[in-house]
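These are the residues of each chain, in order.
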Amino acid sequence: PGGVEIIDGSDLSIADGARGTQAIESRLASVASTHLGPGRNKLFIRGIADSSFVGPTQATVGQYWGNSRVTYAAPDPNLHLYDVKRIEVLEGPQGTLYGAGSLGGVMRVVPNDPDPNALAGEAWIGAEATQHGQPGADGGGVLNLPLSEGKLALRAVGFVDLDGGYIDDTGRGLKDINDVRTYGGR
């Protein structure tokens, strides 16, 4: 017994500012995070947690990209949710279907499939400003290319995300030292 919540990929607007798991957490009350920062957060579903720290034990939330598990005893990888068909959040233990690491629940991200019938593309670019810090920017694109009409296609996604820093190291005379650069694709 447990609930299922689905977020349609078209509801994940690039313009709303929420990227990665933060976009899921802001839409579903059952998903929470430790808020330690991207790549360090630990996720909880329905408040089921063993601690706020990542350790050698299996996480209480099973995270999947398609049908492949992406974490075991690791923090949330903060996958950027570009070109996603839907996100499924299954609350409660899921038994043998998803294994032991689903005591709190399962979060499954389903990417868009290549479409062998349509040539399509999409691109985006954005900018951000941080008071007393460096500016940031992000951009990327999606290309769907049919290789054999109705039979075979290639779908490619690429992105770059530059978050400007805002912390100064006065001891060494450095400014805005906590900038983050993320590059990705599939």
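Right above here is the structure, for reference.
The rules behind these values
Residues numbered from 1 in each chain as written. Predicted model: local features only at pLDDT ≥ 70, side-chain atom pairs only at ≥ 80, totals over all residues. Heavy atoms only, no water. Phe/Tyr/Trp six-rings, centres within 6.5 Å; stacked < 30°, edge-to-face > 60°. Helix = DSSP H or I, 4+ residues; strand = E, 2+ residues; numbered from the N terminus. Buried < 20%, exposed > 50% of the residue type's maximum accessible area, 1.4 Å probe, protein only. Pairing = 2+ DSSP bridges. Axes fitted to C-alpha atoms, helices over the stretch in contact; angles between N-to-C directions. Core = buried A, V, L, I, M, F, W, Y, C linked by side-chain atoms within 4.5 Å. Contact = heavy atoms within 4.5 Å.

> Any chance you could explain the packing of aromatic side chains here in plain terms?
The geometry of two aromatic rings is summed up by the distance between their centres and the angle between their planes. Counted by the stated rule, this structure contains two aromatic pairs. A centroid spacing of 4.7 Å and a plane angle of 40 degrees characterise the contact between tyrosine 82 and tryptophan 124, whose relative ring orientation is tilted. One end of the pair, tyrosine 82, is in the loop between strand S5 (68-69) and strand S6 (84-91); the other, tryptophan 124, is in strand S8 (residues 120-128), and 42 residues separate them in sequence. Exposure class is identical for tyrosine 82 and tryptophan 124. Each is buried. Relative to phenylalanine 159, the ring of tyrosine 82 has its centre 5.0 Å away and its plane inclined at 65 degrees; by these criteria the two rings are edge-to-face. Pair noted here: tyrosine 82 is in the loop between S5 and S6 and phenylalanine 159 is in strand S10 (residues 152-163), with a separation of 77 residues, a long-range link. Both residues of the pair, tyrosine 82 and phenylalanine 159, count as buried. Here a set of aromatic residues connected by ring pairs shows up, and it is made of Tyr82, Trp124 and Phe159.

> Help me out: how do you make sense of the sheet that holds strand S9 (residues 136-148) in this one?
By definition, the strands of a sheet pair up through backbone hydrogen bonds, in either a parallel or an antiparallel sense. If you walk across this open sheet you meet the four strands as S8-S9-S10-S11, and the pairing is antiparallel. Whereas interior strands pair on both sides, the edge strands pair on one side only; in this sheet they are S8 and strand S11 (180-185). Between one strand axis and the next, the sheet turns through 5 degrees on average, direction left out of account. Sheet topology note: the S8/S9 ladder contains nine bridges and is antiparallel. Following the sheet pairing, isoleucine 125 is matched in S9 by glycine 139.

> What am I meant to see in the nonpolar core here?
Within soluble globular proteins, side chains that are nonpolar generally end up buried alongside one another. With 15 residues, the main nonpolar core has Ile24, Val31, Leu81, Ile87, Val89 and Met107 as its most contacted residues. Mapped by element, the contributors of at least two residues to this core are helix H1 (21-25), strand S3 (43-45), S6 and strand S7 (105-111). Looking at this core element by element, the count peaks at three residues for S6. Leaving out residues up to four positions away in the same chain, valine 31 has contacts with Ile24, Glu25, Phe44, Ile45, Val89 and Met107.

> Can you walk me through unusual backbone geometry in this structure?
Trans is the common state for peptide bonds, and a negative phi is the common state for residues other than glycine. The phi angle at histidine 35 is positive, at roughly 60 degrees, despite the residue not being glycine. In this structure, histidine 35 sits in the loop between strand S2 (31-33) and S3. Despite not being glycine, histidine 132 has its phi angle at roughly 60 degrees, a positive value. Among the structural elements, histidine 132 can be located in the loop between S8 and S9.

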